Every structure is written in structure tokens, then in C-alpha cells.
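In case you want the letters, here they are:
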Amino acid sequence: MRPIGEIVCFLVVLTSCYSQWLVFAPLEDTSELEEPDPWVALMKPELPNTLVLSNPLDYDQPELEEPVQDPTTSSTLENLAEKVDNLMSQLKSQEDKIAKLEEANKKLIDKVDIIEQQVKTNNLIFYNVTENKRENHRSTLQKVLFILNRVMKVRASPSDITVALRADVADDNNTFYKHRVIVVKFANFATRMKVLGARSRLSHSNIWVSPDYSEQVSKTRSQLLPFLIDARIQGHSAFLLYDKLVVDGIKKTLVELQAEVEERTKLVVEAINKQFEPEPEMDEGTEVEEEVVARLPENPDDQVEEVYVDPEFQDNEYEDE
């Protein structure tokens, strides 16, 4: 019986030891026992166990840093800035050259105008003289001599006139005369002034005489004609003197007259705008209201006389009525 009891005791001890070993023993990896699923392996990305930083973190360094400029970019910008400066300097020099050329051109135009006027010193232009189809230089000269001697009462001979020719081109847009003008060049300045002084005798005819001005002066005089007509309509004494307008004895240039017109137009426009400008609405706290409030006394009762009325007297008065 003894050996059987010892065996039983041994089995009990062995059983208890095995149970304790099962409790404290680590669990075995069961992944080797199960077959892996290939789809699950594809869905699960492999992540590294540790994160490796290329550069260590520096907590003292600011978060944002200035971008480092590329040396090639900076050099390109410098080159562009230099090219722009060169172009601006060239443009400035070209503008200076253009200004000098314009000034020189103006001087040349003035010189040409003076030379042209000197050449035309002894010239006069006859307007609206009847022109024939078979007219030649000799017949033109005879017409001019007839006008001078018979109409203008100025003694003149063929030797007093150097040239008498019709103008090459007639002005089709002109409505004052239908025939080509006659340009007459006198032999001396005295004869020319004598004829010019007697042109008032042509007032009863359709012919009139004027000096032969240069192209620039003629253009200026044509621009002065509207101002001349306007001045005469207003009742002023006005006439043209070379390239100026004389109004009541005062000489005025074309530039001065245009400036006066612009000033009058500006004043008229301002007056019209002021007339049709809507009146501003008076808002609370405007300057007028503030001034009225400032003039009022601080205590309104100072300017009001208090009158005491006896209630009994007032009732008796109503009863009498």
C-alpha cells in the first residue's frame, strides 16, 4: 500500500508543478501555426520599428528661416537692373536730342518765314479778277494796269510791274472768289505801298487787294478771322495787322486769344455746373446748427418772464363770461 500512496503523492506534486508552469510560461507565437493571408499582408504596410532623423532637432533655432538666395538669380536681377538703367539713360538722351531738334526746326522755320517774307515784300495779290480761257501773261498784265489806272486811280506803267501771273492752283473750297488770284510783283516798294493805300477805292467792286504773306502768316491770319468777325459783331473796332488782331487799339496774338476763349469756356462750364448742382442736405450737427446752439443761453429760463396767475381769479373770470 505504501508504494501506491507514494505514487499518488508524486502525481499530485507533478500536476501542481505543471499547472504553475502553464500560468507563468510565455505565450508561444501562433503565427507560425496559422497560414498567412497574402491579401492581409498587402493591406498592412510595413512600418519601421524606429524613426531615424537625418538632422538632430534644434529647439533654439526659429521655425521659419529666410530663404537662401541663389547667386545665379541675384546676378540675373543685377544684369536686368543694369540693362533697364542703360535703356532709361538712352531714352533720356534721345528725348534731349528730340527737344534740340525741335528747337532747331523751329528756328529754321522762322528763318524761312523771314526769307519768304523778304522775297514777297513788293508783292500784292488781286482777288476775284475775271479770268478768260485764252488769257496769257500779257493780257493778265493789261488787266492789272487797267485796274490800277482806271479803278484805283494810281498811275502805273508796265515798267512799274515786274511780274503779273495767275496762281497755279485755285482754291476749290473757297466761296469768296471763283477765279484764280493774280500775284503782282512791283518794281519798287513805294509803288506797292501806293497801290495798297488806294485799295479802299475797290469797295464798290468785287475785287480786293491784300499783301502777299508767307505761308505761316497766312495760316495764322485765317485762324484769326473768326475772332475778327466776333469782335466786329460785338461792336468793337477790329482789323488784322500782319499776324495779329487789333481790337480797340490793343494788339492780340492768336495764342492770347485762344487762352482767353479757354478761360471764358471754363468759367461758363463752372457756372452751369454750379447752377445744376444739387443742394447739400443739412445733417444733424452741421456748422449752422452748432452756431445757433452756441448763441443760445445756457439757461433758457433767463429769457422767459414768469407770470403768476391766481387760479381763483382765472375761474371767476371765466364765470363772468
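Describing the pattern of salt bridges
As a working rule, side chains carrying opposite charge can pair if their charged atoms are close by.
Line of reasoning, step 1. Enumeration over the complete set of coordinates arrives at 10 salt bridges.
Line of reasoning, step 2. The partner of Asp-212 in a salt bridge is Lys-120, with the nearest N and O atoms 3.7 Å apart. On the criterion of sequence distance, the pair formed by Asp-212 in the loop between strand E4 (208–211) and helix H6 (215–233) and Lys-120 in the loop between helix H3 (71–119) and strand E1 (123–127) is long-range, its members being 92 residues apart. For the pair Asp-212 and Lys-120, one class covers both residues: buried.

A word on the sheet that holds strand E2 (residues 161–166)
Line of reasoning, step 1. Taken in spatial order, the four strands of this open sheet run E2-E3-E1-E4, and their pairing is antiparallel. Two strands in the sheet have a free side with no partner beyond their single neighbour: E2 and E4. Recorded for the sheet is a direction-independent mean angle of 25 degrees between the axes of neighbouring strands.
Line of reasoning, step 2. Strands in contact with helix H4 (residues 137–151) are E1, E2 and strand E3 (182–186); relative to E2, the strand with the most contacts, it is inclined by about 110 degrees.
Line of reasoning, step 3. Sheet contacts for helix H5 (residues 189–197): E1, E3 and E4; angle to E1, the most-contacted strand, approximately 30 degrees.

Thoughts on H5
Line of reasoning, step 1. Residues of H5 that are buried include every one of Thr-191, Arg-192, Val-195 and Leu-196, and no others. All buried residues of H5 fall inside an arc of 135 degrees around its axis, so they share one side. For H5, the exposed residues lying more than 90 degrees away from the buried face are Ala-190, Lys-194 and Gly-197.
Line of reasoning, step 2. Buried residues in H5 make contact with E1, H4, E3 and E4.
Line of reasoning, step 3. Capping of H5 at its N-terminal end is provided by Asn-188; its side-chain oxygen lies 3.4 Å from the backbone amide nitrogen of Ala-190.

Conventions used here
- Residues numbered from 1 in each chain as written.
- Predicted model: local features only at pLDDT ≥ 70, side-chain atom pairs only at ≥ 80, totals over all residues.
- Heavy atoms only, no water.
- Salt bridge = Lys/Arg side-chain N within 4 Å of Asp/Glu carboxyl O.
- Helix = DSSP H or I, 4+ residues; strand = E, 2+ residues; numbered from the N terminus.
- Buried < 20%, exposed > 50% of the residue type's maximum accessible area, 1.4 Å probe, protein only.
- Pairing = 2+ DSSP bridges.
- Axes fitted to C-alpha atoms, helices over the stretch in contact; angles between N-to-C directions.
- Contact = heavy atoms within 4.5 Å.
- Arc of directions from axis to C-beta.
- Polar contact = N/O pair within 3.5 Å; in protein donor to acceptor, adjacent residues only side chain to side chain.

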